[in-house]
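This is what each chain is made of:
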Amino acid sequence: MTTSRETAPPGHPAQQANSPVGNRAAKRPHGLPDHRPVPRGAALVPPSVREPYLPESGRRGRGALTNRSGRYEPQSRELADDGWDNLEDVPALKTQVTAENARHIITRNASPDIPFDRSINAYRGCEHGCVYCFARPTHAYMGLSPGLDFESKLFAKPNAAQLLEKELSREGYEVAPIAMGTNTDPYQPIEQRYRITRSILEVLSAYNHPVTILTKSARIVRDIDILSSLAERNLVHVALSVTTLDAKLARALEPRASTPTRRIEAIGLLSEAGIPVGAMIAPIIPALNDMEIEKLLTGVAYAGAREANFVILRLPLEIRDIFVEWLHENVPDRATHVMSLIRQMRGGKDYDAKWAERQSGTGPYAWQIARRFEIASKKLGLGYRSRDTTPLDRSQFLVPGRGKQLALL
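This is a predicted model, so every value here is computed, not measured. Sequence positions are assigned chain by chain, starting from 1 and proceeding in written order. Reporting of local features is limited, given that this is a predicted model, to residues whose pLDDT is at least 70; pairs of side-chain atoms are given and counted only at 80 or more, and all residues count toward the totals for whole chains, interfaces and linings. Side-chain numbers come from the whole structure's heavy atoms, not from hydrogens or water.

> Residues and numbers for the packing of helix 10 (residues 260-272) against helix 11 (residues 293-303), please.
To obtain an axis, a line is fitted to C-alpha atoms, over the contacting stretch when the element is a helix, and the angle between two such axes runs from 0 to 180 degrees between their N-to-C directions. For helices the rule is a DSSP run of H or I covering at least 4 residues; for strands it is a run of E covering at least 2, with both sets numbered from the N terminus onward. Contact pair helix 10 / helix 11: the axes reach a minimum separation of 8 Å and the direction vectors enclose 30°. Put simply, helix 10 runs roughly parallel to helix 11. Our pair here, helix 10 against helix 11, has a crossing hand that is right-handed. Across the interface between the two elements, Ile 264, Ile 267, Gly 268 and Ser 271 from helix 10 touch Gly 299, Val 300 and Ala 303 from helix 11. Just so you know the grouping, Ala, Val, Leu, Ile, Met, Phe, Trp, Tyr, Cys and Pro go in nonpolar, Asp, Glu, Lys and Arg go in charged, and all remaining residues, Gly too, go in polar. Per-class residue counts for the contact of helix 10 with helix 11 are 4 nonpolar, 3 polar and no charged. In what follows, roughly perpendicular refers to angles from 65 to 115 degrees, roughly parallel to angles under 35, roughly antiparallel to angles over 145, and oblique to any angle outside these ranges. Crossing handedness is defined as follows: a turn of the near helix away from the far one that is anticlockwise and smaller than a right angle gives a left-handed crossing, while the clockwise case is right-handed. Two residues form a contact once any of their heavy atoms are found within 4.5 Å.

Pasting the structure below:
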């Protein structure tokens, strides 16, 4: 009897032989997808969708469906049913937090399409579990999976505030806004216990150092006292990321992030406290949430947001398979259409990492999204893509006990 791709178990040669995706993956380490154009009619379903990696009971409240080994591991491991039906009822994953003794806390970058050159991440991994999170592949550097490990095996940096004081006090330090929330969310659930983000803000306030914050969590309102003080000195700008107004879709996409209603309420509370606050509509996913652009902008504008920005869905490295698995699990009727539109905005690829294009895409569909966003923003009086943002003040920076240090202009 001939074994077909549809009936073959995961890893069976028949799957690799008949699947264009499988053929390419077999030639590359650890089966990672590449970003070359995909032929019309190519299979979109990874093997783990046909043979689920973990039952729903084991990933309850999580975004990813799988936990395949990271791309740097010499061996690839996956859980498999041995025929004894021992995967029927698996206990839900518990969040594990490991204290990381970091050696430095300010991370530098020279990316030409990012409006900051330094950032701080208080945590590695993110319990929010956003299935599309572009930071997932970074967990491979820790020898862990970008899948379920990324949202359940976290690392906290309890010495972050002390390291920050040390780095800001160095002779010759040049002042520029520090971005928080660029890789993992500074207000994810474990911040309630560790309070590392708050300790960082306390240091920045003491040094009169400018900071920008991006988060999906309403937990940020806890720190209104510090943020309002920074705002009085023109030292802070905050943005809340809102993906959808559909609570059910948000729960599936971002299982442990604050609900859309709470995020919009947080925008209102921050605005009332005099804190400059904007909105990040991200990611925009074609045929999934792009029809909500105008409603999202209206909601954040009436809440008090001053500006808005957006990012088109990005699918680098392992995220492509994680997201496709999610599509077939949650919106199987739209999975193929969603991926087709994504490829139309990426030159026929699943992802294109070109500077300036990676966040906005190309082609007619991407152009239409950008024009709709711009028109709606102008109608609502929202600053568009940070063009109208007042620059944060660098001149007030001082090292306590040493006196004022003039910023380089």
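> How would you explain the sheet that holds strand 9 (residues 277-284) if you had to name every residue and give the values?
Strand order in the open sheet formed by 8 strands is 2-3-6-7-8-9-10-11, with mixed pairing between adjacent strands. If you trace the sheet from one side to the other, it starts and ends with strand 2 (106-108) and strand 11 (383-384), each paired once. In this fold helix 7 (residues 196-206) packs onto strand 3 (118-120), strand 6 (178-180) and strand 7 (211-215), with an angle of close to 160° to the strand it touches most, strand 6. Contacts from helix 8 (residues 224-232) reach strand 7 and strand 8 (236-241), with the element oriented near 130° to strand 8. A pair of strands is labelled paired if DSSP reports no fewer than 2 bridges between them.

> Summarise the side chain of Ser 119; cite the residues concerned and give the values.
Relative to the helices and strands, Ser 119 is located in strand 3. For the exposure calls, accessible area comes from a 1.4 Å probe over protein chains only, and a residue counts as buried if that area is under 20% of its type's maximum, exposed if over 50%, partly exposed in between. Accessibility expressed as a relative area gives 6% for Ser 119, which makes it buried. Among all residues touching Ser 119, those that are not within four sequence positions of it are Ile 105, Ile 106, Thr 107, Ile 178, Ala 179 and Thr 182.

> Talk me through helix 10; I want residue IDs and the actual numbers.
Over its 13 residues, helix 10 runs 19 Å from end to end, which matches the ideal 18 Å to within 8%, given 1.5 Å per residue. Buried within helix 10 we find Pro 260, Arg 263, Ile 264, Ala 266, Ile 267, Gly 268 and Leu 270. Among the structural elements, helix 8, strand 8, helix 9 (247-253), strand 9 and helix 11 are those in contact with the buried residues of helix 10. Looking one or two residues past helix 10, Gly 274 carries a phi angle of roughly 80°, positive in sign. Residue count minus one, scaled by 1.5 Å, sets the expected span of a helix.

> With reference to specific residues and values, describe the nonpolar core.
Take the buried Ala, Val, Leu, Ile, Met, Phe, Trp, Tyr and Cys residues and link them wherever side-chain atoms come within 4.5 Å; each set so joined is a nonpolar core. Leu 164, Leu 227 and Val 238 are the most contacted members of the largest nonpolar core, which has 65 residues in total. Apart from the residues within four sequence positions on either side, Val 238 is in contact with Ile 213, Ile 220, Leu 227, Leu 270, Ile 275, Pro 276, Val 277 and Gly 278. Val 131, Leu 253, Ile 322 and Val 324 belong to the second-largest nonpolar core, a separate cluster that totals 28 residues.

> How would you summarise a nonpolar patch on the surface if you had to cite specific residues and measurements?
Here a patch means residues that are over 30% exposed by relative accessible area and free of salt bridges, tied together within 9 Å if like-charged and within 5 Å if nonpolar (Val, Leu, Ile, Met, Phe, Trp, Tyr). The Shrake-Rupley method, run with a 1.4 Å probe, gives the accessible areas here. Residue values count only the displayed protein chains as cover. In what follows, salt bridge is the name for a side-chain nitrogen of Lys or Arg lying within 4 Å of a carboxyl oxygen of Asp or Glu. Judged by side-chain polarity, Tyr 72, Tyr 141 and Met 142 come together as a nonpolar surface patch covering roughly 350 Å² of accessible area. Following the sequence through the fold, Tyr 141 ends up in the loop between strand 4 (123-124) and helix 4 (148-152).

> Go over the packing of aromatic side chains with me, naming the residues and quoting the values.
Between the rings of Phe, Tyr and Trp (Trp by its six-membered ring), a pair exists once the centres lie within 6.5 Å; its type follows the angle of the planes, with under 30 degrees stacked, over 60 edge-to-face, and the other angles tilted. Counted according to the given criterion, the structure contains 4 aromatic pairs. With centroids separated by 5.6 Å and ring planes inclined at 45°, the aromatic side chains of Tyr 173 and Phe 397 adopt a geometry described as tilted. One end of the pair, Tyr 173, is in the loop between helix 5 (160-168) and strand 6; the other, Phe 397, is in the loop between strand 11 and strand 12 (398-399), with 224 residues separating them in the sequence. When its relative accessible area of 7% is taken as the criterion, Tyr 173 is described as buried. Here Phe 397 falls in the buried class, since its relative accessible area comes to 0%. Aromatic ring contacts, followed pair by pair, group Tyr 173, Tyr 207 and Phe 397 into a single cluster.

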